[in-house]
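# Analysis of the macromolecular model
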Amino acid sequence: RLFIMPAYHSKRNEEGYEEACGCAICPLKSELKGPIAPFVPTSAEDEDIVDETLTYFRANVLFRNFDIRGAADKTLMYLTLHVVQCLVKCEKIDDKPTALRELRALSTKQFAIPGDPNFPLPGLISLPASKAEGDLFKAYMKQAREELCIRLCDKLFDKDGTKNKWWQSFSKKKFMGKEMKD
């Protein structure tokens, strides 16, 4: 009998957050400007969607299939693809300040949304029903991507400034066989 290891899913699937293109617009622990409500933890261990993405990344990136159980899983999938994109960008960068500058630029520059020809998850994330929904998706993901790159740099570089080769080694993996293009 073949045992299939399940992927890690978001704990936020049942929260009933607003959605854009089928992705949950989850609150973020962030001081960045953006349209998203701040995350209010109920305990010290409570994670936002960016924390979940980074916590589950090294396990989830190994999967070629991902069973979507809710809108927060779609947000998790999108952000997981962005982590891979960030790791690829950092392959030749050896210091944290340069990495942070490059990743913030990558995270905030123009990127594809559902319906664009180079969007990495066509069919899995819905097309925007209106321009307002597309704008909300773009604004949320811009803020989430930037927050993600800040926290990723803290994991990618050790306290002494050296690169964590364990994290960097995951730049060779493709989540679900997909990748985001610069």
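The numbers attached to residues start from 1 for each chain and follow its sequence in the written order. Predicted model: local features are reported for residues with pLDDT of at least 70 only, side-chain atom pairs are reported and counted for 80 or more only, and whole-chain, interface and lining totals are derived from all residues. Only heavy atoms go into the side-chain values, all of them from the structure, while hydrogens and water stay out.

### As for the packing of helix α3 (residues 96-108) against helix α4 (residues 131-156)
Counted only if it meets this: Think of each axis as a best-fit line through the C-alpha atoms, taken over the contacting stretch in the case of a helix, with angles from 0 to 180 degrees between the N-to-C directions. For helices the rule is a DSSP run of H or I covering at least 4 residues; for strands it is a run of E covering at least 2, with both sets numbered from the N terminus onward. Oblique is the label for every angle not falling under 35 degrees (roughly parallel), over 145 degrees (roughly antiparallel), or within 65 to 115 degrees (roughly perpendicular). Working rule for handedness: look at the near helix, and if it is turned counterclockwise from the far one by less than a right angle, call the crossing left-handed; if clockwise, right-handed. The contact rule is simple, with two residues in contact once any of their heavy atoms fall within 4.5 Å. Polar here means any residue outside two lists: the nonpolar Ala, Val, Leu, Ile, Met, Phe, Trp, Tyr, Cys and Pro, and the charged Asp, Glu, Lys and Arg; Gly therefore counts as polar.
The geometry of α3 relative to α4 is characterised by a closest axis approach of 9 Å and an angle of 165° between their N-to-C directions. Considering their axes alone, α3 and α4 lie roughly antiparallel with respect to each other. With respect to the hand of their crossing, α3 and α4 are arranged in right-handed fashion. Contact residues: α3 offers Lys96, Ala99, Leu100, Leu103, Arg104, Leu106, Ser107 and Thr108, while α4 offers Lys142, Arg145, Glu146, Cys149, Ile150, Leu152, Cys153 and Asp154. Taken together, the residues that form the contact of α3 with α4 break down as eight nonpolar, two polar and six charged.

### Examining the packing of aromatic side chains
Heads up, the rule is: Two aromatic rings, drawn from Phe, Tyr or Trp (for Trp, its six-membered ring), form a pair once their centres lie within 6.5 Å of each other, and the interplanar angle then sorts them: stacked below 30 degrees, edge-to-face above 60, tilted otherwise. Between buried and exposed lies partly exposed: a residue is buried under 20% and exposed over 50% of the maximum accessible area for its type, with that area taken using a 1.4 Å probe on protein chains only.
Evaluation of the coordinates by the stated rule reveals eight aromatic pairs. Here phenylalanine 57 and phenylalanine 170 contribute two aromatic rings whose centre-to-centre distance is 6.0 Å and whose plane-to-plane angle is 70°, an arrangement assigned as edge-to-face. Residue phenylalanine 57 is located in helix α1 (residues 49-60), and its partner phenylalanine 170 is located in the segment after α5 (165-168); the two are separated by 113 residues in the primary sequence. For phenylalanine 57, a relative accessible area of 0% translates into the label buried. Phenylalanine 170 gets classed as buried once you look at its relative accessible area, which sits at 8%. The interplanar angle of 85° and the centroid separation of 5.6 Å between the aromatic rings of tryptophan 166 and phenylalanine 170 together place this pair among those described as edge-to-face. Members of the aromatic cluster, each reached through a chain of ring pairs, are Phe57, Trp166, Trp167 and Phe170.

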